[in-house]
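In case you want the letters, here they are:
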Amino acid sequence: MIIFLWGPDSYRRRQKEKELIDSYQGKHPNFDFKKIDLSGDPEDYSVLKDFLGQQSLFDNFKMGLVSGVFSAKGGPASGWEVEAKKIKPILKEQLINENTVLVISEEKSVKEFDFLLEKPVYCQEFKKLNVEGLTFFIRKEAEKRNLKFALEAMKYLIHWQEQTNTDSWALIGELDKIALADFPQPISVKNLESLITFSYQEKIFNLVGILAGRNSLNKKMVALEQLLIQKEPVAYAFNLLSYGAPASLLLKLADYDVSVKSGGLGYEEVLLDLALANN
């Protein structure tokens with residue numbers, strides 16, 4: 001069985017990934033599970049093949065979370081068709097395999113793998129949300145954080161999201177900030193204006209983007225210094241790194257997150273480590 005999750009809203013895609021993993025783990029506590037990123041080494045398709053061919057010691061059921069399928073060996077512009085020919089048959093063999101679930105998560109679909117958009121594949125698209133979708137999404141996420149917004153405050157958040165033109169990662173970051181601010185409820189527009197501004201938000205995004213990208217060490221260190229002197233909590237800057245990040249960076253961020261929460265590195269040290277990386 002294959003589940004294909006795709007679309008530019010990576011936050012909602014990742015929430016769905018977690019939901020699926022938790023659901024199958026509840027049904028199969030001893031299942032084999034593996035995350036496989038095909039965007040790195042061109043030969044990683046063999047890792048996927050080996051995983052699917054291995055016999056499980058405890059449960060016949062196995063599940064793989066696969067990313068980077070459409071960017072193996074750099075994508076179509078760099079001989080990617082060769083890799084596609086190797087990967088496609090591996091995936092197609094799993095279409096009606098009831099003992100294996102492959103969850104493929106990608107930002108977009110591509111013609112070479114259009115069979116992922118057809119039955120028996122379960123396909124779900126995660127577009128950028130319209131006003132109606134944003135309203136529902138904000139209410140749902142606000143409820144998780146015990147937040148209530150006045151009507152005008154809700155409109156302010158929707159307008160902010162539309163103007164910044166980002167996916168849901170940014171909005172989640174703002175909701176986390178609001179929860180930490182401990183405003184009286186229902187939260188008013190005035191409360192939000194004291195915490196969220198359009199131009200300021202863009203500055204934070206730009207700095208975080210420099211830190212996570214392949215820029216010179218000097219440019220990264222300047223961006224890091226500017227981030228550390230902002231009024232934002234350093235944890236907020238760390239969370240923003242997940243927005244639009246490639247699978248390889250997301251795996252690294254997950255390791256950092258575990259380290260921070262277990263008392264290892266602090267967020268400042270994590271940001272410094274990222275600034276020094278790839279240089």
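This one's a predicted model, so the numbers in the text were calculated from it and none came from an experiment. (Residues numbered from 1 in each chain as written. Predicted model: local features only at pLDDT ≥ 70, side-chain atom pairs only at ≥ 80, totals over all residues. Heavy atoms only, no water.)

(A) Molecular detail of the overall build of the chain. Scanning the chain from terminus to terminus reveals 12 helices and five strands. A buried classification covers 46% of the 279 residues belonging to the chain. Sequence-distant contacts, at least 24 apart, represent 72% of the contacts inside the chain between residues at least 6 apart. Accessible area of the chain: about 14900 Å², with a carbon and sulfur share of 52%. (Helix = DSSP H or I, 4+ residues; strand = E, 2+ residues; numbered from the N terminus. Buried < 20%, exposed > 50% of the residue type's maximum accessible area, 1.4 Å probe, protein only. Contact = heavy atoms within 4.5 Å. Areas by Shrake-Rupley, 256 points an atom, 1.4 Å probe, with all protein chains shown as cover.)

(B) Up close: the pattern of salt bridges. Counted by the stated rule, this structure contains nine salt bridges. For the salt bridge of D257 with K261, the shortest nitrogen-to-oxygen distance reads 3.0 Å. In this pair, D257 and K261 both sit in helix α11 (residues 247-261), four residues apart, roughly one turn of the helix. Among the charged side chains, a network of salt bridges with common partners joins E141, K144, R145 and D176. (Salt bridge = Lys/Arg side-chain N within 4 Å of Asp/Glu carboxyl O.)

(C) Spotlight on a nonpolar patch on the surface. Where nonpolar side chains cluster on the molecular surface, the patch consists of L217, M221, L272 and L276 and spans about 310 Å² of accessible area. Breaking the nonpolar patch down by element, the ones donating at least two residues are α9 (217-228) and α12 (267-276). Along the chain, L217 turns up in helix α9. Relative accessible area serves as the criterion here: at 36%, L217 is assigned to the partly exposed category. (Patch = residues over 30% accessible without salt bridge, like charges linked within 9 Å, V, L, I, M, F, W, Y side chains within 5 Å.)

(D) Fine view of the side chain of N191. Topologically, N191 is positioned in helix α7 (residues 189-193). Within the structure, the side chain of N191 is placed 3.0 Å from the side chain of S188, a separation counted as a polar contact. Among residues more than four places away in sequence, those in contact with N191 are F183 and P184. (Polar contact = N/O pair within 3.5 Å; in protein donor to acceptor, adjacent residues only side chain to side chain.)

(E) Structural context of helix α1 (residues 10-27). Over its 18 residues, α1 runs 26 Å from end to end, which matches the ideal 26 Å to within 8%, given 1.5 Å per residue. Residues of α1 that are buried: S10, Y11, R12, R13, K16, E17, L20, I21 and Y24. (Expected span 1.5 Å × (residues − 1).)

(F) Up close: the nonpolar core. Among the nonpolar cores identified, the biggest contains 24 residues, and F149, L157, I178, L192 and I196 are the most heavily contacted of them. Mapped by element, the contributors of at least two residues to this core are α4 (131-144), α5 (151-164) and α6 (168-181). If near-sequence neighbours (up to four positions away) are discounted, F149 is found in contact with I138, A142, M154, L157, L175, I178, P186, I187 and L192. Counting 22 residues, the second largest nonpolar core, distinct from the first, contains W6, L52, V66 and V121. (Core = buried A, V, L, I, M, F, W, Y, C linked by side-chain atoms within 4.5 Å.)

(G) Just the sheet that holds strand β5 (residues 122-125), in detail. Taken in spatial order, the five strands of this open sheet run β2-β3-β4-β1-β5, and their pairing is parallel. Each end of this open sheet is capped by a strand with a single partner; those strands are β2 (32-37) and β5. Ignoring which end each strand starts from, the neighbouring axes of this sheet average 15 degrees apart. Sheet topology places strand β1 (residues 2-6) next to strand β4 (residues 100-106); five bridges connect them, and they run parallel. Directly across from I3, in β4, lies its bridge partner V103. α1 contacts β1, β2, β3 (62-67), β4 and β5 of the sheet and is inclined by roughly 155 degrees relative to β1. Strands in contact with helix α2 (residues 45-53) are β2, β3 and β4; relative to β2, the strand with the most contacts, it is inclined by about 170 degrees. (Pairing = 2+ DSSP bridges. Axes fitted to C-alpha atoms, helices over the stretch in contact; angles between N-to-C directions.)

As far as function goes, none of this settles anything; it's purely spatial.
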